[in-house]
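Chain residues, written in single-letter form:
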Amino acid sequence: FDPLYHRHQNQNSDENSSEYDYDSPSSLFPLKRRRYLNNMHEDNFIHSRNFVHFNHSSKDKVEKWELTLIGWDFEKASILNERMKNLAGGGVEGGGSGKAGELGEIDPNTSMPYMPERFLLAEAGDYAKALERWRDTLAWRKMKEADLVLTKPHPNFATTKECYPHFFHEKDKLGNVVYYELPGMIDWPRIKATGLKDQFVDHVMYVQEYMWTILQPSQDDRVTLVLDLNGLNMTTVFNKEIVTIIKNIVTMTSTHYPQRSNKMIVINVPGWFGMLFNLIKPLLNEAQKAKICIFRSHEVLQGMRATIDDCCIPKEYGGSSPYAIGQSPDELGIRKQVFDNLRKHDTPLYVDEPLRNPDGSRATIDKWEFAPKTYA
């Protein structure tokens, strides 16, 4: 066992303080990627032990640290290390990408835009598979006109948001966007009545493009997902049409937006969730398991505080954020993006009967507000 972290004393600080040397020869990642070690594929692990919590004291403060002890398959790790160096430092492997480059810039070795390093991580360092996946993603983006999606009208935006509540709300402790989904509030009869079931995947693509183009354009950015299961019932879970939509969404995001997850916080889990999760758990690798936090209703606030500061947690969940859910700056930003495009293209907002302004009148671009209710 040889840890990736090399702890040493900082000669310019208090004797109890310490830092990690991420740039030592045996480190797998350069400094800027140090917080994403858990994104590595299970195949590079010999084993992964549980999180260990401990306090680190100095003269006037106590810091809480979270440590994961990991054993590595060093042959695979060293190969991946060399490939990451090639991408980051200008080397060339197998005629592939020579450096990270800016997304959109053409790699002279492949005649394609530079491949984000996330794709290499997603394929556990297999350069050929990563490049093939990147090539498929470029073809998919061209077919879906993903680079132009934010400039196009999205008339179903408001109705989709109300049929399946989801929203951005503040940042986590690492500065990642926090994104909430409320599957227990899904209005399936309304979705079927409006014909939106065939457009959900495209809506999710729109949200992904906004998140990674406008809110967090860096390839190193990640998202923390809060999944509120309050109100979710078995009828919804085993609805074949809903399951098909979810599978299509998960396939799209995992294939074309890989290695973007920081944490998944599952809250207000029903009593039967444990049985369902036990069926899913064997399908997850150790890195994926480490990202998932599950909390029952009485644990929600305390559990969320481990990842999100209290001032960024919505009041609806017991926090002290100044914004109501659906009204954070990031959420208002995507609404403005959509509605500005509707006006620009002179496209009317799609309004079904339940879609209303705050005063109860029929919804309009100028007055509609997203104000989802929760069971919290």
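Refer to the structure printed above.
Calculation criteria
- Residues numbered from 1 in each chain as written.
- Predicted model: local features only at pLDDT ≥ 70, side-chain atom pairs only at ≥ 80, totals over all residues.
- Heavy atoms only, no water.
- Helix = DSSP H or I, 4+ residues; strand = E, 2+ residues; numbered from the N terminus.
- Buried < 20%, exposed > 50% of the residue type's maximum accessible area, 1.4 Å probe, protein only.
- Contact = heavy atoms within 4.5 Å.
- Areas by Shrake-Rupley, 256 points an atom, 1.4 Å probe, with all protein chains shown as cover.
- Phe/Tyr/Trp six-rings, centres within 6.5 Å; stacked < 30°, edge-to-face > 60°.
- Lys NZ or Arg CZ within 6 Å of the ring centre and 35° of its normal.
- Axes fitted to C-alpha atoms, helices over the stretch in contact; angles between N-to-C directions.
- Parallel < 35°, antiparallel > 145°, perpendicular 65-115°, else oblique.
- Left-handed = near helix turned anticlockwise from the far one by under 90°.
- Salt bridge = Lys/Arg side-chain N within 4 Å of Asp/Glu carboxyl O.
- Pairing = 2+ DSSP bridges.
- Core = buried A, V, L, I, M, F, W, Y, C linked by side-chain atoms within 4.5 Å.

Draft legend 1. Structural view of the overall build of the protein chain. A count of helices and strands for the protein chain gives twelve helices and 13 strands. When each of the 376 residues of the protein chain is scored for burial, the buried share is 45%. The long-range fraction of contacts in the protein chain, counting pairs at least 24 apart against all pairs at least 6 apart in sequence, stands at 64%. Within the structure as shown, the protein chain displays about 19500 Å² of accessible surface, and the carbon and sulfur contribution to it stands at 52%.

Draft legend 2. Inspection of the packing of aromatic side chains at higher detail. Tallied over the full model, the rule gives eleven aromatic pairs. Between the aromatic rings of Phe-168 and Tyr-210, the centroid separation amounts to 6.4 Å while the plane-to-plane angle is 40°, which identifies the pairing as tilted. On the criterion of sequence distance, the pair formed by Phe-168 in strand β9 (residues 166-171) and Tyr-210 in helix α6 (residues 200-215) is long-range, its members being 42 residues apart. In this structure Tyr-210 comes out as buried when scored by relative accessible area, which is 4%. The rings of Phe-157, Phe-339, Trp-368 and Phe-370 are connected pair by pair, giving a single aromatic cluster. The ring of Trp-212 is capped by Arg-260, whose NZ or CZ atom sits 4.0 Å from the centre of that ring.

Draft legend 3. Quick peek at the packing of α6 against helix α12 (residues 329-344). Contact geometry for α6 and α12: axes closest at 11 Å, N-to-C directions at 110°. Our classification of the angle between α6 and α12 gives roughly perpendicular. Considering only the axes of α6 and α12, their crossing is right-handed. For the pair α6 and α12, the contacting residues are Tyr-206, Val-207, Tyr-210 and Leu-215 in the first and Asp-330, Gly-333, Ile-334, Gln-337, Val-338 and Asn-341 in the second.

Draft legend 4. The arrangement of the pattern of salt bridges in detail. Scanning the model with the defined rule gives 17 salt bridges in all. The closest approach of N and O atoms between Arg-141 and Asp-147, which form a salt bridge, is 2.7 Å. Using a relative accessible area of 17% as the deciding quantity, one classes Arg-141 as buried. Connected through salt bridges with shared partners, the residues Lys-336, Asp-340, Arg-343 and Asp-366 form a single ionic network.

Draft legend 5. Looking closely at the pairing of β9. The element β9 is largely enclosed, with a buried count of five among its six residues. The pairing of β9 with strand β10 (residues 177-181) spans four bridges and is antiparallel. Along β10, the bridge assignment pairs Phe-168 with Tyr-179. As consecutive antiparallel partners, β9 and β10 are separated by five residues, and within that stretch Gly-175 has a phi angle of approximately 90°, a positive value.

Draft legend 6. Up close: the nonpolar core. Counting 57 residues, the largest nonpolar core has Phe-168, Tyr-180, Met-304 and Ile-308 as the members making the most contacts within it. A total of nine residues in this core trace back to one element, the largest contributor, which is α6. Look past the residues within four positions of Met-304 in its chain and what remains in contact with it is Tyr-180, Val-226, Ile-265, Ile-267, Phe-295, Ile-313 and Tyr-317. One finds Leu-227, Leu-229, Leu-232 and Leu-284 within the second-largest nonpolar core, a separate group that totals nine residues.

Draft legend 7. Structural context of the sheet that holds strand β13 (residues 292-295). Read across the sheet, five strands follow the order β9-β10-β11-β12-β13 without closing on themselves; strand pairing throughout is mixed. Each edge of the sheet is formed by a strand with only one pairing partner; in this case those strands are β9 and β13. Strand after strand, the sheet turns through a mean of 20° between neighbouring axes, direction not considered.

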